[in-house]
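Residue-level structure breakdown
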Amino acid sequence: MNNSSLKLSTATPTKMPGTAIYQQYSETTAFVLPLYVFTIIVGSIGNGIIIRAYQKDKKTRNVYHLLITNLAMADLILCALFTPILLVYRSNASAMLVAKTPICEGSIFISMLSISMMYAVFPLLAFHRKDVMINPREPKLSFKQAKILTFWFWVACAVVSLGLVGVAWSIFLSDTLEPKFYRCLLINTEIDAFTIYFLGYSSALYGVSIFVTISIYCKIYKSLNNSGVNASADERHVTKMCFWLACVYTACWTPFLFVQLAGIFGKYSEIYFNLHACSSGIGVIGSAINPIIYGTMDPYYKSVFFSYLKSSPCEKNKIDEAKE
């Protein structure tokens, strides 16, 4: 397939009255496809291992591992369910047919659910780390409270995501000439009800979550030299990991938000169409980077990943060959 002729999101160029035809550059395709494949493979396996560890090991029944597992669940949804749709869309001309199936609306729901849950949990994880570092003897957040909060976070994020699907349906049923699949992948070319809902909610959640999270970590940092603060090097290292987790994930999705805003409030063009693809590839890869951060900065998860590596068929074959 000649990528230089990819139009209407790699679909067969079908001219629609009043609708602009946007060409996906071959350079864009070459940039995003490896990111999508990496996210699907590394993100799905890595986050799956984190979730499995929580299920198998009773030692992980605490606030910290509960919150990390919830982050991994949100990341797994994005890696295993949403990113494959992006991959097909950006590489296959027949992908537009998906717009005629429930997969289209499902992609809106799962992408919004996953990202919303991440930004709901980040402040709670920061609050927990404040408990561990500043109030180790009298923590304010118990395991039971954390379970209840994360449950209602999932419910609230699901309701908001369903609301966005409802707004999308109202647009799909109208006489708009914009390709339906654009909305399914959160491509907004103009200001309407869907755009206002999506960007209004996303910007508010993004802003509030980042502000609260950074504020809490700043308070922890300023208290490190005070008496009574947890002096454990391991706990300080884990707290640093949680801070970088929020920073890296936000850094990955910030370009996507800026491209959305620039495309909507400016004049949407082919450049924005291709920048949207590139920024989405950078965004989703954050969900694959997270388990790498867990495995490199947290001693427990590092041992978990090593144990899975040792039990892999390739590693077993190496051991058998060494014995022979």
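The structure displayed is predicted, hence computed values, not measured ones. (Residues numbered from 1 in each chain as written. Predicted model: local features only at pLDDT ≥ 70, side-chain atom pairs only at ≥ 80, totals over all residues. Heavy atoms only, no water.)

Ile 68, Leu 71, Leu 125 and Phe 194 are the most contacted members of the largest nonpolar core, which totals 82 residues. Every residue in contact with Phe 194, bar those within four places of it in the chain, is listed here: Ile 108, Leu 164, Val 167, Ala 168, Ile 171, Arg 183, Leu 186 and Asn 188. (Core = buried A, V, L, I, M, F, W, Y, C linked by side-chain atoms within 4.5 Å. Buried < 20%, exposed > 50% of the residue type's maximum accessible area, 1.4 Å probe, protein only. Contact = heavy atoms within 4.5 Å.)

For the rest of this paragraph, the subject is the pattern of salt bridges. Tallied over the entire structure, the rule returns one salt bridge. The shortest N-O distance in the salt bridge between Glu 235 and Arg 129 comes to 2.6 Å. With Glu 235 in helix 7 (residues 233–265) and Arg 129 in helix 3 (residues 103–134), the pair connects residues that are 106 residues apart, well separated along the chain. (Salt bridge = Lys/Arg side-chain N within 4 Å of Asp/Glu carboxyl O. Helix = DSSP H or I, 4+ residues; strand = E, 2+ residues; numbered from the N terminus.)

Here we take up the UniProt feature "transmembrane region" (unreviewed entry) in the protein. Taking the UniProt record as the reference, the feature "transmembrane region" (unreviewed entry) is found at residues 31–51, 63–88, 108–127, 148–174, 194–220, 241–265 and 271–293. A helix fraction of 100% and a strand fraction of 0% characterise residues 194–220, whose end C-alpha atoms lie 39 Å from each other. The span residues 271–293 shows a helical share of 96% and a strand share of 0%, and its end C-alpha atoms are spaced 33 Å apart. (UniProt positions renumbered as here; feature names shortened; annotations may be inferred.)

So, on to the side chain of Ser 287. Among the structural elements, Ser 287 can be located in helix 9 (residues 286–297). Apart from the residues within four sequence positions on either side, Ser 287 is in contact with Gly 43, Asn 47, Asp 75, Leu 78, Cys 79 and Tyr 249.

Moving on: the environment of Ser 111. Mapped onto the secondary structure, Ser 111 falls in helix 3. On a C-alpha basis, the gap between Ser 111 and Leu 78 in space is 6.1 Å, while along the polypeptide they are 33 residues apart. Sequence-distant contacts of Ser 111, defined by excluding residues within four places in its chain, comprise Leu 78, Phe 82 and Leu 186. Of the polar contacts made by the side chain of Ser 111, one reaches the backbone oxygen of Ser 107; its length is 2.8 Å. For Ser 111, the side chain forms a polar contact with the main-chain oxygen of Ile 108, separated by 3.1 Å. (Polar contact = N/O pair within 3.5 Å; in protein donor to acceptor, adjacent residues only side chain to side chain.)

This next bit is on the packing of aromatic side chains. Going through the model one piece at a time under the given rule, you end up with 11 aromatic pairs. Ring geometry for Tyr 217 against Phe 243: centres 5.5 Å apart, planes inclined by 75 degrees, an arrangement best described as edge-to-face. Of this pair, Tyr 217 sits in helix 6 (residues 193–223) while Phe 243 sits in helix 7, and the two are 26 residues apart along the sequence. Overall, the relative accessible area of 7% leaves Tyr 217 in the buried class. The partly exposed category is assigned to Phe 243, whose relative accessible area is 26%. These aromatic residues form a ring-pair network of at least three members: Tyr 119, Phe 122, Tyr 206 and Tyr 249. (Phe/Tyr/Trp six-rings, centres within 6.5 Å; stacked < 30°, edge-to-face > 60°.)

Where helix 6 contacts helix 7, the two axes come as close as 11 Å, and the packing angle between them is 150 degrees. With respect to helix 7, the element helix 6 is oriented roughly antiparallel. The hand of the helix 6/helix 7 crossing is left-handed. Counted together, Thr 195, Phe 198, Leu 199, Ser 203, Tyr 206, Ile 210, Thr 213, Ile 214, Tyr 217 and Ile 220 of helix 6 and Thr 239, Cys 242, Phe 243, Ala 246, Thr 250, Thr 254, Phe 256, Leu 257, Gln 260, Leu 261 and Ile 264 of helix 7 form the full contact between these two elements. Its residues assigned to classes, the contact of helix 6 with helix 7 comprises 14 nonpolar, seven polar and no charged. (Axes fitted to C-alpha atoms, helices over the stretch in contact; angles between N-to-C directions. Parallel < 35°, antiparallel > 145°, perpendicular 65-115°, else oblique. Left-handed = near helix turned anticlockwise from the far one by under 90°. Nonpolar A, V, L, I, M, F, W, Y, C, P; charged D, E, K, R; others polar.)

This brings us to the layout of surface pockets. A volume near 320 Å³ is recorded for the largest pocket. Lining the largest pocket are 13 residues, with Tyr 217, Tyr 221, Leu 224, Thr 239 and Lys 240 sitting closest to its centre. Among the secondary structure elements, those contributing two or more residues to the lining of the largest pocket are helix 6 and helix 7. Per-element accounting of the lining of the largest pocket gives the leading share, six residues, to helix 6. Taken together, the residues that form the lining of the largest pocket break down as eight nonpolar, two polar and three charged. (1 Å grid on protein atoms, 1.4 Å probe; cavity = no way out; pocket = protein on both sides within 12 Å on 5 of 7 lines; lining within 4 Å. Points joined across faces, edges and corners; volume = space filled by probe spheres on them.)

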